[in-house]
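# Chain and residue survey
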Amino acid sequence: MSEKVYDVTAEWSSRAYIDDAKYLEMYAASLKDPVAFWGEQGKRIHWFTPYTKVKNTSFDPHNVSIKWYEDGVTNVSYNCLDRHLATRGDQVAIIWEGDNPNEDRKITYRELYEEVCRFANVLKARGVKKGDRVTIYLPMIPEAAYAMLACARIGAVHSVVFGGFSPDSLAGRIEDAGSTVVVTADEGLRGGRKVPLKLNADAAADRAGGVESMIVVRRTGGSVPMRSGRDVYYDEVAKNMPAECAPAEMNAEDPLFILYTSGSTGKPKGVLHTTGGYLVYAAMTHQYVFDYHDGDIYWCTADVGWVTGHSYIVYGPLANGATTLMFEGVPNYPTIGRFWEVIDKHKVNIFYTAPTAIRSLMQAGEEPVKKTSRASLRLLGSVGEPINPEAWEWYHRVVGDDRCPIVDTWWQTETGGILITPLPGATKLKPGSATRPFFGVVPEVVDANGQVLDGACEGNLVLADSWPGQMRTVYGDHDRFVQTYFSTYAGKYFTGDGCRRDADGFYWITGRVDDVINVSGHRMGTAEVESALVAHPKVSEAAVVGYPHDIKGQGIYAYVTLMSGIEPSEELRKELVNWVRKEIGPIASPDLIQFAPGLPKTRSGKIMRRILRKIAEDEFGNLGDTSTLADPGVVDDLIGNRQNRR
Ligand code: ATP
Ligand code: MG
């Protein structure tokens, strides 16, 4: 496929913190002497007791151990709140935009400080102590941020569970984390519909056992059962609490939170992040990747239930004294133009969303976007999946009016922060490429035998050295941590993703390694075939998997969702096969195409190819863990309409 390049504009290279020369200089310095580099960067947060040791990390599979700033003492909530009071007490910290467009709120740093202290005092009064795990099951309301920061303030470890998860999924996470305290709301509101959070939490608590205290935030005011002795309404217990609470002294390596991965590849993992290194890394990447300057209005559309919400709605932005927008609703309510309307309403400068949202909004055409101004926008971002070049171009041209660079940020729950990404003042852009490593990040491409490949190449993506935001362990299961990430390629962190490096040294994530297909000896990333399909004007989404094929080893099975108003037909099937043949080559032409009204996605919007693979392989009796599916109903339709393999 043709490779387009967008150069950094003169305006961007002069306004940004980092231009290309500075990137190259700092990147080289970060590799040459990581201790000096990260020792300096660590100073961007406040330490009650400064660290003397910067880095102590080992990827040796017999002794995996990751420690950063290990003798430093600090507190994450102090860094996000107290530190800013003198200079920005009256500045807006959080802009909250409700599901209903008539509801919004602005919370200053001083107000946020007081709310967090009050919340911390409530937790203490409910018996929560340093090291205890608190499960947070809330909608996207400011109290979600208060609760997270309140845990950080007193040294409790939060485990945020996305409010869209079922009682079963919540129960599994409460149990795994051993939480005795759950924070929830009466009901959530999404797209005008109520979500029965308290009822779900009750069912989950019954299933998990061990929940001694439930703190219920009133969101809708709907009546919900309250269990006496266990449940309290937050407002009732908070109103008498002081708005002061001393921050706990936390060691840099004390746990900050547990967060379960999306479950795209299997059973979710309880990823554990700690205090000092995580915050330094989240703050630094937020500043440089989004080129955040004082006064900017920044909006990340993720849910706080995902790592993106942790690092780039709450911790990174607040550590930097930013104004961060938190959105309760969904992209298509009450109108399909909601994102763009919110951008105009709050004069958003930096907008960070996911390819799944972009692809679904593309389906509605340009008109809903173009009737808004979006003049405040300066920078766009993408995260969560490879972004198809077609979607990238649309985002750039239609949303950004050809004016805003796009940072395509590759990272994982495990990495704590962004690892491969353009910097808007430094990096030229290639649609579909996450481009270059961030400071201190050492990506390598290896073949199946672990041989490190040079120059332009394609293989599996590993990281050769640690960075401060890296996860420290799988909660309660260090062996699984070692097994999953350090046993495949000894001495390296294995990402599970495939990637290609081009002649400019740019990285292209080709999808998960499990999703790579091998057709007649040619290895292909699913992302490439999917991008070709999505580039067809009648296709809105596509997912490609391999299935056993007598002659080719693997055949290509494509699930295709059409643009609204387009009818499936045999002609269209042939047209799509020919299209892919022309775009990539005969080797990539799909053997089977199934038209699917919907694809199985995780709650975070990612396509679960492992389920599609099972259906393509006729093994739909054994689909594995489907608890993180957004809409389990689509699976039946897919099974019912599967294509015959012969
Ligand atoms: P699980 O690990 O449970 O299967 P998951 O990998 O989907 O779930 P996350 O940590 O939320 O959980 O997602 C990280 C993965 O998302 C990456 O490993 C990569 O596959 C994909 N990803 C994220 N950002 C990008 C990006 N910009 N380009 C390509 N892929 C991306
Ligand atoms: Mg993963």
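Here is a short report on the structure shown in this document. The residue count restarts for each chain, going from 1 along the sequence in the order it is written. Labels are handed out in written order, letters beginning with A for the chains and numbers beginning with 1 for the ligands. Local features in this predicted model are restricted to residues of pLDDT 70 or higher, and side-chain atom pairs are both shown and tallied only at a pLDDT of 80 or more, whereas totals for entire chains, interfaces and linings draw on every residue. Hydrogen atoms and water are omitted, and side-chain values are computed over all heavy atoms in the structure.

Take the nonpolar core next. Buried residues of nine kinds, namely Ala, Val, Leu, Ile, Met, Phe, Trp, Tyr and Cys, make up a nonpolar core once their side-chain atoms join them within 4.5 Å. Burial here depends on accessible area, computed with a 1.4 Å probe over protein chains only, as a share of the maximum for the residue type. Under 20% is buried, over 50% is exposed, and the range in between is partly exposed. Counting 137 residues, the largest nonpolar core has L112, F290, Y315 and F439 as its most contacted members. For the purposes of this entry, the term helix denotes a DSSP run of H or I that reaches at least four residues, the term strand denotes a run of E that reaches at least two, and both are numbered from the N terminus. In terms of residue count, helix α6 (residues 142-154) provides more of this core than any other element does, 10 residues in total. By size, the runner-up hydrophobic cluster in this structure holds 29 residues, among which are Y6, A357, I387 and C404.

For the rest of this paragraph, the subject is the sheet that holds strand β20 (residues 406-408). In this analysis, strands are considered paired if DSSP registers two or more bridges between them. Spatial ordering of the open sheet is given by β5-β4-β17-β16-β18-β19-β20, a layout of 7 strands whose pairing is mixed. Pairing within the sheet leaves two strands with one partner each, and these edge strands are β5 (104-108) and β20. Neighbour-to-neighbour, the strand axes of this sheet turn through a mean angle of 20 degrees, independent of strand direction. Inspection of the sheet shows strand β4 (residues 92-97) paired to strand β17 (residues 323-327) by 4 bridges, in the parallel sense. Structural elements are reduced to axes, namely lines fitted to C-alpha atoms, with helices fitted over the stretch in contact, and the angle between N-to-C directions of any two is expressed from 0 to 180 degrees.

This part covers the packing of helix α7 (residues 167-177) against helix α8 (residues 197-208). Between two packed helices, what matters for the description is the angle formed by their axes and the separation of those axes. Packing of α7 against α8 leaves a shortest axis separation of 8 Å and a crossing angle of 50 degrees. One finds that α7 runs oblique with respect to α8. As α7 packs across α8, the resulting crossing turns out to be right-handed. Residue-level contacts link P167, D168, L170, A171, I174 and E175 of α7 to N200, A201, A203, A204, R207 and A208 of α8. Broken down by class, the residue content of the contact of α7 with α8 amounts to 8 nonpolar, 1 polar and 3 charged. Just so you know how the angles are binned, under 35 degrees is roughly parallel, over 145 roughly antiparallel, 65 to 115 roughly perpendicular, and the rest oblique. In a left-handed crossing the near helix is turned counterclockwise from the far helix by less than a right angle, and in a right-handed crossing that turn is clockwise. Residues are treated as being in contact if the distance between any of their heavy atoms lies within 4.5 Å. Any residue outside Ala, Val, Leu, Ile, Met, Phe, Trp, Tyr, Cys, Pro, Asp, Glu, Lys and Arg is labelled polar, Gly included; the first ten of those are nonpolar and the last four are charged.

Let's shift gears to the pattern of salt bridges. Put simply, a salt bridge is a Lys or Arg side-chain nitrogen that is within 4 Å of an Asp or Glu carboxyl oxygen. Throughout the structure, instances matching the rule amount to 41 salt bridges. K345 is the salt-bridge partner of E97, the closest N and O atoms lying 2.8 Å from each other. Of this pair, E97 sits in strand β4 while K345 sits in helix α12 (residues 338-346), and the two are 248 residues apart along the sequence. Here E444 and K492 are joined by a salt bridge, their closest N and O atoms 2.8 Å apart. Of this pair, E444 sits in strand β21 (residues 443-446) while K492 sits in the loop between α16 (478-486) and β24 (493-501), and the two are 48 residues apart along the sequence. Each of the two residues, E444 as well as K492, counts as buried. Each of E97, D104, R338 and K345 takes part in one network of salt bridges that share partners.

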